[in-house]
Amino acid sequence: MTYTKLALVLAALVFLTGVTVGISYVDLGFFNVPVALGIACFKVCLVLLFFMHLKYEGKMIKVSFISTVCFLAIMISFTFWDVAFR
C-alpha cells in the first residue's frame, strides 16, 4: 500500500465529512437520517478496508467480520422490533 493511495482515501474521508455536514443543512424530510447513515457506512468501509488493511487479509478474517456485522444487525433489528410492538 502506497502513501499516495492512503492520502487519496484520507481525502475521500475528509470530502465525505464535508458532504455530511453540508447535507445536515438541507431539509430532505424523512431521508435526512438514511442519507447521513449511508455516507457514514461508506466512510466506515473505507476505514476498514484501507486503514485497517481488511482488504488485504485472508478469507477467514473477512468471513469472521461479515458474520459479526450480520449478528449485530440482527440484534439491533430485534431491539427495534421490540420497541415498535410494545
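Check the entry above for the structure.
So, here is what we can say about the structure in this document. (Residues numbered from 1 in each chain as written. Predicted model: local features only at pLDDT ≥ 70, side-chain atom pairs only at ≥ 80, totals over all residues. Heavy atoms only, no water.)

1. Description of the overall build of the chain
Within the chain, the secondary structure is distributed over three helices and zero strands. The order of helices and strands in the chain, counted from the N terminus, is α-α-α. For a compact globule of 86 residues, the expected C-alpha radius of gyration is about 12 Å, and the chain comes in at 17 Å, more than 25% above that figure. Of the contacts formed within the chain by residues at least 6 apart in sequence, a portion of 56% connects residues at least 24 apart. Within the structure as shown, the chain displays about 7,000 Å² of accessible surface, and the carbon and sulfur contribution to it stands at 79%. (Helix = DSSP H or I, 4+ residues; strand = E, 2+ residues; numbered from the N terminus. Rg over C-alpha atoms; globule rule 2.2 N^0.38 Å. Contact = heavy atoms within 4.5 Å. Areas by Shrake-Rupley, 256 points an atom, 1.4 Å probe, with all protein chains shown as cover.)

2. Some points on the packing of aromatic side chains
Tallied over the entire structure, the rule returns two aromatic pairs. Ring geometry for phenylalanine 30 against phenylalanine 31: centres 5.6 Å apart, planes inclined by 75 degrees, an arrangement best described as edge-to-face. Comparing phenylalanine 30 with phenylalanine 31 shows no difference in burial state: the two are exposed. Measuring from centroid to centroid gives 6.3 Å for tryptophan 81 and phenylalanine 85, while their planes differ by 70 degrees, and the two rings are edge-to-face. (Phe/Tyr/Trp six-rings, centres within 6.5 Å; stacked < 30°, edge-to-face > 60°. Buried < 20%, exposed > 50% of the residue type's maximum accessible area, 1.4 Å probe, protein only.)

3. Some words on the nonpolar core
Taken as a class, soluble globular proteins show a tendency for nonpolar side chains to be buried jointly. With six residues, the main nonpolar core is built from Val9, Leu13, Leu16, Ile39, Leu46 and Phe50. Mapped onto this core, the elements with two or more residues apiece are α1 (3-24) and α2 (32-51). (Core = buried A, V, L, I, M, F, W, Y, C linked by side-chain atoms within 4.5 Å.)

4. Describing the environment of lysine 43
Its place among the elements puts lysine 43 in helix α2. Considered as a pair, lysine 43 and threonine 17 are 26 residues apart in the sequence and their alpha carbons are 8.5 Å apart. Excluding anything up to four places from it in sequence, lysine 43 contacts Leu13, Leu16, Thr17 and Thr20.

5. A short note on the packing of α1 against α2
Across the interface, α1 lies against α2 with an axial gap of 10 Å and an inter-helix angle of 165 degrees. One element, α1, and the other, α2, form an angle in the roughly antiparallel class. In this structure, the crossing between α1 and α2 has a hand that is left-handed. Contact residues: α1 offers Lys5, Leu6, Val9, Leu10, Ala12, Leu13, Leu16, Thr17, Val19, Thr20 and Ile23, while α2 offers Val35, Ile39, Phe42, Lys43, Leu46, Val47, Phe50 and Phe51. Split by residue class, the contact of α1 with α2 holds 15 nonpolar, two polar and two charged. (Axes fitted to C-alpha atoms, helices over the stretch in contact; angles between N-to-C directions. Parallel < 35°, antiparallel > 145°, perpendicular 65-115°, else oblique. Left-handed = near helix turned anticlockwise from the far one by under 90°. Nonpolar A, V, L, I, M, F, W, Y, C, P; charged D, E, K, R; others polar.)

6. Some thoughts on unusual backbone geometry
Despite not being glycine, histidine 53 has its phi angle at roughly 60 degrees, a positive value. The topology assignment puts histidine 53 in the loop between α2 and α3 (59-84). With a relative accessible area of 36%, histidine 53 lands in the partly exposed category.

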